[in-house]
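Single-letter residue listing:
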Amino acid sequence: MKIAVHGRTFSESARPFIQAMFDELRTRQIEVQLYAPFRKFLDSSEVQHGSHQTYTSEEDLFDARLMVSLGGDGTLLEAVSLVGARQTAVIGINVGRLGFLATVPPERIADMITALEGGKYHIDERAMLVMEADRDIFDGQNFGLNDFTITKTDTSSMITVHAYLNGEFLNSYWADGLIVATPTGSTGYSLSCGGPVLVPHTENFILTPVSPHNLNVRPLVLQDSSVLSFEVKSRSNTCMVSMDARSQVVDSSVKITVRKAPFAARLIKMTDDDFFNTLRSKLSWGLDMRN
């Protein structure tokens, strides 16, 4: 079996688990390719990984059966962006913080490897967004699993985002910004701005304003077959556009279209990994100090 391993950094408390993972992979003679910057961090942390194969982009990836993401949700989103249209399946080990997407705890790494070898897992396909613009903004990585956002670049004045749905005028949002979230991204930035939680395979997008000037403008749930286009007006003549963890300041004259991507993210889930269990655990649903 061949796997790619993606990561950034991790705390010293996670180091023994990471070392144990590489020891286990070596014992099972599993071929490993490492994200090049992560390999440098492993070397500086004196983690014995035994791999000399590295990648920095989608083009460098070998024919991995799957990719392991070591970190939090941000690391997993980065892994998905590097996989791109190859649709290599990704599993996340949570050595970060919240862990909505990276759900395997470090102490269960050995169990995870056994399950991966034995095929005791399932593939969870998640809808993604793709952005098209009249200029290249994200160096070809114009897709995301969580959300696409347009926000202001300064602290003083809001922006106006003219939104169109399937070519028809929808609304002018006077706000700090606007979020287009997938069901996967519904528990992210959109949720913190008052958006609803969607079950992962709901065929919808959420259009969520960020601090709208008109308080009666609320999040809107749309079919994921919808095509959204945007025009931005701002006093600074700039705005910030973001796709998951990637962001760029652009001229506000940019014309942007967002739609469902023609490919999906393929997330590996263990047999006991359940979305509602994750909600109860991470959002403390049902937790009452009186009980």
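Residues numbered from 1 in each chain as written. Predicted model: local features only at pLDDT ≥ 70, side-chain atom pairs only at ≥ 80, totals over all residues. Heavy atoms only, no water.

## A short note on the confidence of the model for the protein chain
Predicted coordinates in areas of low pLDDT are best not read in detail. Spelled out, the test is: Per-residue confidence from the predictor is reported as pLDDT, a score between 0 and 100. Under the scheme used here, helices are H or I runs from DSSP no shorter than 4 residues and strands are E runs no shorter than 2 residues, and both carry numbers assigned from the N terminus.
Looking at the protein chain, pLDDT values average 91 and 99% of them are 70 or higher. Within the protein chain, helix α6 (residues 275-282) has the poorest average pLDDT of any element, 83, and strand β12 (residues 177-181) the best, 98.

## Re the pattern of salt bridges
What counts is decided by this rule: Any carboxyl oxygen of Asp or Glu within 4 Å of a side-chain nitrogen of Lys or Arg constitutes a salt bridge here. Buried means the residue's accessible area, taken with a 1.4 Å probe over protein chains only, is under 20% of the maximum for its type, while exposed means over 50%, and partly exposed covers the values in between.
Applying the stated criterion across every chain, the model contains 14 salt bridges. A salt bridge links Glu78 to Arg8; its shortest N-O distance comes to 3.7 Å. With Glu78 in helix α3 (residues 73-83) and Arg8 in the loop between β1 (2-7) and α1 (15-27), this pair connects stretches of sequence that are 70 residues apart. Assessed through its relative accessible area of 24%, Glu78 is described here as partly exposed. The exposure class assigned to Arg8 is partly exposed, which follows from its relative accessible area of 36%.

## Thoughts on unusual backbone geometry
For Asp139, which is not glycine, the phi torsion reads 50° and is therefore positive. Note that Asp139 resides in the loop between β7 (129-133) and β8 (143-144). Judged by its relative accessible area of 68%, Asp139 falls in the exposed class. For Ser284, which is not glycine, the phi dihedral falls at a positive 60°.

## What to know about the side chain of Gln33
Cut-off, in case you're wondering: Two N or O atoms count as a polar contact when they lie within 3.5 Å, although within protein this holds only if one can serve as hydrogen donor and the other as acceptor, and sequence-adjacent residues are included solely when both atoms are side-chain atoms. Contact definition: two residues touch when any of their heavy atoms are within 4.5 Å.
Among the secondary structure elements, Gln33 is positioned in strand β2 (residues 31-35). At 3.0 Å, the side chain of Gln33 forms a polar contact with the backbone oxygen of Thr54. Dropping the residues within four chain positions of it, Gln33 is found in contact with Ile3, Ala4, Val5, Ser51, Gln53, Thr54, Tyr55, Asp60, Leu61 and Phe62.

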